[in-house]
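Residues per chain are reported as follows:
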Amino acid sequence: MSIIDIATFLMVILLMVIAGHWGVRRVQSEKSYLLADNNTGLFALTANLVMTEFNTSTLIAFSAIGYLCGLWALVLPFVFLIGLTFYGITVAKKWKQFNGLSVAQFFSQRYGDSVGKLASFALIAAMTGFSAVYIKSLSIIFSLAFPSVHTWMLSLVLVLLILLLTLRGGLVAIIKNDIISFCILLIFMPLMMLLSWNNSATTPYNITEAMTLLPPSFVVAITLVTMFTYIIAPWYGQKIFSAKTPAIAKQSVMIAAVLVFVLYACAVMATSFLKKNSVVNHDQALPYIVMNILPTGLRGIGFGVFFAAAATTLSGVWSAMTSMVVSDFLGRNNSEGCGRSIYITIAFATIAYLLGNTLVDKILQKLILANIPVLALSFALLAGFYWKKASKAGAIISIVVGLCWGVFTYAYFGEDGGYQWYWAIYGIPLIFGSGAVGSIAFPEIIAQKSTSL
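Residues numbered from 1 in each chain as written. Predicted model: local features only at pLDDT ≥ 70, side-chain atom pairs only at ≥ 80, totals over all residues. Heavy atoms only, no water.

Caption draft 1: Region of interest: the overall build of the chain. The helix and strand inventory of the chain stands at 23 helices and zero strands. Taking 453 residues into account, the globule formula puts the C-alpha radius of gyration at 22 Å, and the chain, at 21 Å, falls close to it. Taken along the three principal axes of its C-alpha coordinates, the chain extends 65 × 55 × 40 Å. Scored against the burial criterion, the 453 residues of the chain give a buried share of 60%. Considering only contacts within the chain whose residues lie at least 6 apart along the sequence, 88% involve residues at least 24 apart. Total accessible area computed for the chain in this model is approximately 16,800 Å², and 68% of it derives from carbon and sulfur atoms. (Helix = DSSP H or I, 4+ residues; strand = E, 2+ residues; numbered from the N terminus. Rg over C-alpha atoms; globule rule 2.2 N^0.38 Å. Buried < 20%, exposed > 50% of the residue type's maximum accessible area, 1.4 Å probe, protein only. Contact = heavy atoms within 4.5 Å. Areas by Shrake-Rupley, 256 points an atom, 1.4 Å probe, with all protein chains shown as cover.)

Here it is, written out as structure tokens:
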């Protein structure tokens with residue numbers, strides 16, 4: 001990158017540093033650190049949710065498929081439009097009315113402490129996988145800007161920079177950073193798409209070939225997975241707990257669903273305009289646009305935007321994981337300072353850094369795989385909110401069935417065999433069916449209903 005690019009990149013980072021550290025001295029309790037005092041308004045929460053969802057892993061994966069499949073890849077952003085709309089309709093207000101510290105806390109109150117602990121372990125395992133994938137994708141983007149820097153060193157610098165931005169202020173700092181990033185992103189993504197369109201020669205795409213590379217069955221499967229995993233997502237639940245009111249919680253999710261769709265659609269369209277021989281590795285299609293099509297100055301802003309997207313998503317996931325550890329294992333104490341939450345966050349960041357550099361290869365596939373323990377909790381959550389007869393036995397049975405089926409389909413069919421279809425199409429009915437049968441067969445084990453519901 002040129003000196004001007006480096007200057008504009010540092011300008012974006014400086015804005016985030018200022019935003020993230022402005023007023024963080026007021027963050028003295030764990031409630032402020034983890035929940036922003038439950039006082040987040042509509043605009044701030046919408047920005048927070050959009051930036052939580054707009055992450056470099058999905059951005060790289062969707063853009064790569066846009067490069068391979070052309071405009072047919074626009075079906076992928078619809079996954080989030082449908083998934084987040086489903087979240088807004090079914091659970092956004094419910095989560096805010098519950099108003100806990102972590103989503104796993106709901107399972108403890110509804111079904112008992114053992115189910116809550118099981119849910120917490122499953123969700124922390126999933127988020128560990130997510131954050132490792134996010135770090136890997138971020139290093140892929142920045143490897144083009146700094147090709148001589150070793151991946152381990154590059155990702156270490158990026159992780160340390162993310163911690164610098166948000167570690168002291170917790171969710172308060174994350175939300176402030178998200179507002180800055182959100183405003184820049186709304187301008188940058190459509191502009192990048194237009195510049196790519198103007199400067200690249202379109203290669204005709206064969207729809208049959210595109211649908212072979214991106215089968216409709218795969219799209220249907222990940223849409224269903226998204227619908228029934230996002231409702232449990234701890235990184236969303238924590239943000240919803242921070243909302244001022246249940247109405248703001250629902251409205252912000254519905255608005256975010258549309259904006260996330262538009263932003264990812266811009267990325268897919270941008271890479272679909274490239275010549276098919278522009279890049280050697282399709283995962284580098286989006287970084288190629290930033291390095292070779294964007295003008296000097298805007299290139300640095302582009303890397304700043306992508307860093308911001310990863311930073312806010314990663315810090316949000318680590319914050320949600322920290323909330324779960326504090327709530328589900330250590331015990332909430334509003335008089336506590338932020339010290340233990342800071343140390344827990346550092347520990348999760350270290351684990352994600354190590355896993356991202358050792359285990360992650362295919363970005364999108366590993367992102368989907370990490371959802372297996374989350375999907376397994378879907379019956380226990382929705383039945384807990386909407387079905388009084390849901391029992392502890394039914395919840396446990398559904399979770400075990402969900403975990404076993406997900407692992408089985410992955411081991412038997414594999415990524416090349418399209419395990420996602422079998423996992424989603426047969427797994428969701430199995431999870432809900434086994435949970436319902438278990439609840440009816442063992443009604444005497446119904447947990448005492450929480451007064452918060």
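Caption draft 2: Structural context of the packing of helix H8 (residues 113–145) against helix H17 (residues 339–356). Two elements in contact, H8 and H17, have axes separated by 8 Å at closest approach and are oriented at 60°. In terms of their interaxial angle, H8 and H17 are classed as oblique. Crossing of H8 over H17 shows right-handed handedness. Contacts between H8 and H17 involve Ile124, Thr128, Ser131, Ala132, Ile135 and Lys136 from the first element and Phe348, Ile351, Ala352, Tyr353, Leu355 and Gly356 from the second. When the residues that make up the contact of H8 with H17 are grouped by side-chain class, the tally is eight nonpolar, three polar and one charged. (Axes fitted to C-alpha atoms, helices over the stretch in contact; angles between N-to-C directions. Parallel < 35°, antiparallel > 145°, perpendicular 65-115°, else oblique. Left-handed = near helix turned anticlockwise from the far one by under 90°. Nonpolar A, V, L, I, M, F, W, Y, C, P; charged D, E, K, R; others polar.)

Caption draft 3: Summary view of the confidence of the model for the chain. Mean pLDDT over the chain: 85, with 90% of residues reaching 70 or higher. When pLDDT is averaged over each helix and strand of the chain, the minimum, 60, is found for helix H18 (residues 363–369) and the maximum, 95, for helix H23 (residues 427–441). (pLDDT = per-residue confidence, 0-100.)

Caption draft 4: Structural view of the packing of aromatic side chains. Scanning the entire structure with this criterion turns up 35 aromatic pairs. Ring centres of Phe43 and Phe182 lie 5.9 Å apart, and the angle between their planes is 70°; on these two criteria the pair is classed as edge-to-face. One end of the pair, Phe43, is in helix H3 (residues 42–53); the other, Phe182, is in helix H10 (residues 170–199), and 139 residues separate them in sequence. Take Phe43: its relative accessible area is 48%, and that puts it in the partly exposed class. With relative accessibility at 5%, the residue Phe182 sits in the buried group. Measuring from centroid to centroid gives 5.6 Å for Trp152 and Tyr353, while their planes differ by 90°, and the two rings are edge-to-face. Residue Trp152 is found in helix H9 (residues 151–166), and its partner Tyr353 is found in helix H17; the two are separated by 201 residues along the sequence. (Phe/Tyr/Trp six-rings, centres within 6.5 Å; stacked < 30°, edge-to-face > 60°.)

Caption draft 5: Expanded view of a nonpolar patch on the surface. On the surface, Phe146, Val149, Met153 and Val157 cluster together into a nonpolar patch covering about 320 Å² of accessible area. Position of Phe146 relative to the elements: it lies in the loop between H8 and H9. (Patch = residues over 30% accessible without salt bridge, like charges linked within 9 Å, V, L, I, M, F, W, Y side chains within 5 Å. Salt bridge = Lys/Arg side-chain N within 4 Å of Asp/Glu carboxyl O.)

Caption draft 6: Representation of the environment of Gly433. Position of Gly433 relative to the elements: it lies in helix H23. Accessibility expressed as a relative area gives 31% for Gly433, which makes it partly exposed. A C-alpha to C-alpha distance of 7.9 Å links Gly433 and Ser398, two positions 35 residues apart in sequence.

Caption draft 7: Structural detail: the environment of Ser323. Within the secondary structure, Ser323 sits in helix H16 (residues 298–330). Overall, the relative accessible area of 1% leaves Ser323 in the buried class. Measuring from C-alpha to C-alpha, the distance between Ser323 and Ser102 comes to 5.8 Å, with 221 residues separating the pair along the chain. Those residues within four positions of Ser323 in sequence are excluded, and the remaining contacts are Leu34, Leu101, Ser102 and Gln238. Polar contacts involving the side chain of Ser323 include one to the side chain of Gln238, which spans 3.1 Å. (Polar contact = N/O pair within 3.5 Å; in protein donor to acceptor, adjacent residues only side chain to side chain.)

Caption draft 8: Examining the side chain of Thr345 more closely. In this structure, Thr345 sits in helix H17. Owing to a relative accessible area of 8%, Thr345 belongs among the buried residues under this scheme. The residues contacting Thr345, other than those within four sequence positions of it, are Tyr33, Leu163, Leu167, Trp318 and Thr322.

Caption draft 9: Here's a closer look at the packing of H8 against H16. The N-to-C vectors of H8 and H16 enclose an angle of 160°; their axes lie 10 Å apart at closest approach. By the angle between their axes, H8 is roughly antiparallel relative to H16. Both H8 and H16 take part in a crossing whose hand is left-handed. A breakdown of the residues in the contact of H8 with H16 according to their chemical character gives 22 nonpolar, four polar and two charged.

Caption draft 10: Layout of unusual backbone geometry. Even without glycine at this site, Asn99 takes up a positive phi of about 55°. Examined against the element boundaries, Asn99 turns out to sit in the loop between helix H6 (92–98) and helix H7 (104–111).

Caption draft 11: Just the side chain of Asn55, in detail. Counting through the fold element by element, Asn55 comes out in the loop between H3 and helix H4 (56–69). A polar contact of 2.8 Å, which involves the side chain of Asn55, links it to the backbone oxygen of Glu53. Apart from the residues within four sequence positions on either side, Asn55 is in contact with Tyr134, Tyr264, Ala309 and Thr313.

Caption draft 12: Inspection of the environment of Pro295 at higher detail. On the secondary structure map, Pro295 appears in the loop between helix H15 (285–292) and H16. Exposure remark for Pro295: the relative accessible area of 39% places this residue in the partly exposed category. As a C-alpha pair, Pro295 and Ile6 span 289 residues in sequence and 13 Å in three-dimensional space. If sequence neighbours within four positions are ignored, Pro295 has contacts with Asp5 and Leu195.

Caption draft 13: Seen up close, the nonpolar core. Ranked by internal contacts, the top residues of the largest apolar core, which has 150 residues, are Tyr87, Trp95, Phe107, Met189, Phe306, Phe307 and Trp318. With residues near it in sequence (within four places) discarded, Phe307 still touches Phe9, Ile13, Leu138, Phe142, Leu158, Leu161, Ile162 and Leu165. In this structure, Ala36, Leu171, Val172 and Ile174 belong to the second largest nonpolar core, which totals six residues. (Core = buried A, V, L, I, M, F, W, Y, C linked by side-chain atoms within 4.5 Å.)

Caption draft 14: Quick look at the pattern of salt bridges. Tallying each qualifying case throughout the model produces two salt bridges. The partner of Arg299 in a salt bridge is Asp5, and the shortest N-O contact between them spans 2.5 Å. Within this pair, whereas Arg299 is found in helix H16, its partner Asp5 is found in helix H1 (residues 3–21), the two being separated by 294 residues in sequence. An identical accessibility class is assigned to Arg299 and Asp5; each is buried. In this structure, Asp113 and Lys117 form a salt bridge, with 2.9 Å as the shortest nitrogen-oxygen distance. Of this pair, Asp113 and Lys117 both sit in helix H8, four residues apart, roughly one helical turn.

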